[in-house]
Amino acid sequence: MVMTPVLLAGGSGTRLWPVSRKSFPKQFVPLVGDETLFQASARRLAGPRFGAPLVMTNADFRFIVSEQLAAIGITPSAILIEPSGRNTAPAILAAALSVAEKDPDGLLLVAPSDHVVPDAEAFGRAVELGTPAAKAGRIVTFGITPTRPETGYGYMEAETSGEGPVVLKRFVEKPDLATANEMISQGNFLWNAGIFLFSARTMIDAFRAHAPEFLEPVQQALGEARTDLGFLRIAPGPWDTLPDVSIDYAVLEKADNLSVVRFSGHWSDLGGWDAVWREAQEDAPAEGGNVTDGHSTAIDCENVLLRSQDEGVEVVGIGLKDVMVVSTNDAVLVAGMDRAQDVRKAVSALKAKGARQAEIFLRDHRPWGWFETLALADRFQVKRIVVNPGAALSLQSHFHRSEHWIVVSGTARVTVDETVTLVTENQSIYVPLGAVHRMENPGKVPMVLIEVQTGAYLGEDDIVRYEDVYSRE
């Protein structure tokens, strides 16, 4: 029986702002090690135990997902595009229905794509331990043996303190400190990792019994889905009528066929900068508990996290204690280590004042590469644009701006109305307002250019697309 890993890759990760934002959240960032959390999750669920992964994500991340999987040599069985975020219940039902089309008894292992589990083999053994129960019609959850009285996690109460699978008695909301200490002392309470193993048939039956209002809209949304460049776009009409609710609330808290497997290996959901600090301490305990990167320096500090995401910005801390400082090229976070869970409040405050930094980076990832804004003022903008080998921007025009392109590395094939020109390093070309144009990289290496825009309006929505190889709407 094939086990299909289901990677949930649509979250926004606001607690790791400013490095994680809505436009490029934490699962796609190399926060721990050289690989991204998404890539590490995909590797963990690869190998002889598993089939090809099914990924649930949204339209903005679909090319990031495919590129990051390709970079580590993993081919997904499917990438399903959710039209809007509706939490985990609709996503998991959609995955179960998709697998059931080929094998109603096929097993699914659902996991977030932003967790850290260094010992993949130990986790695989835990999955094997839960597999017979899943085949027998149980919904198997995975509970993490607590290492501290954590108030930021939900808990699960197991019937016994055994390894499992044992009966799962109940879910417990995030507790206060006293309650967390009490639960840990009992030995049969586990952190809720949000990882589930079940057969497609079992989960569909569970929805039918406990949340039947989900079935018809999700079935209809999948039935009306359309294939787009290898992705499956779920139909928005029926999908958008679904409630925004987690699988825990919709189904699991009502079900009576739950089991839990205890996992005592190292695990973290990287739910805040304090968790990133702890992970670094796990990997290489530092003198004084200070965690720094190549562009930060701690002087006479204790238990601090100093991190700079921009090679042009040096972060220096002097005489600090229990503080985190995280810098990007357009924002700086300074907070007490004990306020890590309040970072989301900063995102809400920035959104309320209309600050772009709340959700959007200066660097914008696109299916053809990326661009970043170097300068922005009234009536002009300067960008650095990097186009991947063989990639092409859409054939487009603008109502409000003209553009000057200067190639600084590689070669660009540029179409301006009826004229096609090869523009090489140190050459430039002008795109008048209203001209129909396209930029392509015909070479074997990334092409880099500087774009200078001038005009009355410079927003990214001033684009009329005529042709687009990436089928963007």
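Residues numbered from 1 in each chain as written. Predicted model: local features only at pLDDT ≥ 70, side-chain atom pairs only at ≥ 80, totals over all residues. Heavy atoms only, no water.

### Side note on the UniProt feature "domain: Mannose-6-phosphate isomerase type II C-terminal" (unreviewed entry) in the protein
This chain's UniProt record puts "domain: Mannose-6-phosphate isomerase type II C-terminal" (unreviewed entry) on residues 357-468. Annotated as 0% helix and 57% strand, the span residues 357-468 places its first and last C-alpha atoms 28 Å apart. (UniProt positions renumbered as here; feature names shortened; annotations may be inferred. Helix = DSSP H or I, 4+ residues; strand = E, 2+ residues; numbered from the N terminus.)

### Focus on the packing of helix α1 (residues 37-44) against helix α2 (residues 62-71)
Two elements in contact, α1 and α2, have axes separated by 10 Å at closest approach and are oriented at 55°. With respect to each other, α1 and α2 are oriented oblique. The two elements α1 and α2 cross, and the hand of that crossing is right-handed. Taken together, the residues of α2 that come into contact with α1 (itself represented by Phe 38, Gln 39 and Ala 42) are Val 65, Gln 68, Leu 69 and Ala 71. Class assignment of the residues belonging to the contact of α1 with α2 gives a composition of five nonpolar, two polar and no charged. (Axes fitted to C-alpha atoms, helices over the stretch in contact; angles between N-to-C directions. Parallel < 35°, antiparallel > 145°, perpendicular 65-115°, else oblique. Left-handed = near helix turned anticlockwise from the far one by under 90°. Contact = heavy atoms within 4.5 Å. Nonpolar A, V, L, I, M, F, W, Y, C, P; charged D, E, K, R; others polar.)

### A word on the packing of aromatic side chains
In the structure shown here, the tally under the stated rule is eleven aromatic pairs. Relative to Phe 231, the ring of Phe 63 has its centre 5.3 Å away and its plane inclined at 85°; by these criteria the two rings are edge-to-face. Residue Phe 63 is found in helix α2, and its partner Phe 231 is found in strand β10 (residues 231-233); the two are separated by 168 residues along the sequence. For Phe 231, a relative accessible area of 5% puts it in the buried group. (Phe/Tyr/Trp six-rings, centres within 6.5 Å; stacked < 30°, edge-to-face > 60°. Buried < 20%, exposed > 50% of the residue type's maximum accessible area, 1.4 Å probe, protein only.)

### Notes on unusual backbone geometry
Here the residue pair Trp 17 and Pro 18 is connected by a cis peptide bond, since its omega of 10° sits within 30 degrees of zero. Relative to the elements of secondary structure, Pro 18 occurs in the loop between β1 (3-8) and α1. Unlike most non-glycine residues, Asp 300 shows phi in positive territory, near 55°. When you line up the elements, Asp 300 lands in the loop between β13 (296-299) and β14 (305-308). The phi dihedral of Asn 426 falls on the positive side, at around 75°, and the residue is not glycine. Tracing the sequence through the fold places Asn 426 in the loop between β24 (419-423) and β25 (428-431).

### Describing the sheet that holds strand β17 (residues 332-336)
Across a sheet, strands are paired by hydrogen bonds formed along the backbone, either parallel or antiparallel in direction. Spatially, four strands are ordered β12-β14-β16-β17 in an open sheet, and the strand pairing comes out mixed. Here the strands that pair on one side only, and so sit at the sheet edges, are β12 (291-292) and β17. Docked against the sheet, helix α10 (residues 273-283) engages β12, β14, β16 (323-327) and β17, running at close to 100° with respect to β14. (Pairing = 2+ DSSP bridges.)

### As for helix α11 (residues 343-352)
Buried within α11 we find Val 343, Val 347 and Leu 350. All buried residues of α11 lie within an arc of 65° about the axis, which places them on one face of the element. What points out from α11, more than 90 degrees from its buried face, is the exposed set Lys 345 and Ala 352. Those residues of α11 that are buried lie in contact with β16 and β17. Remark: Gly 354 follows α11 within two positions and exhibits a positive phi of approximately 80°. (Arc of directions from axis to C-beta.)

### As for the pattern of salt bridges
This model, assessed by the stated rule, comprises 25 salt bridges. The salt bridge involving Glu 157 is made with Lys 169; its shortest N-O contact spans 3.7 Å. Here Lys 169 lies in strand β7 (residues 166-172) and Glu 157 lies in strand β6 (residues 155-158), a separation of twelve residues in the sequence. By relative accessible area, Lys 169 is classed as exposed at 51%. Between Glu 372 and Arg 363 there is a salt bridge, with the nearest N and O atoms lying 3.7 Å from each other. One network of salt bridges, in which partners are shared, links Arg 49, Glu 121, Arg 125 and Glu 128. (Salt bridge = Lys/Arg side-chain N within 4 Å of Asp/Glu carboxyl O.)

### Some thoughts on the UniProt feature "domain: MannoseP isomerase/GMP-like beta-helix" (unreviewed entry) in the protein
Taking the numbering used here, the UniProt-annotated feature "domain: MannoseP isomerase/GMP-like beta-helix" (unreviewed entry) corresponds to residues 297-350. Taken end to end, residues 297-350 is 15% helix and 39% strand, and its two terminal C-alpha atoms sit 28 Å from one another.

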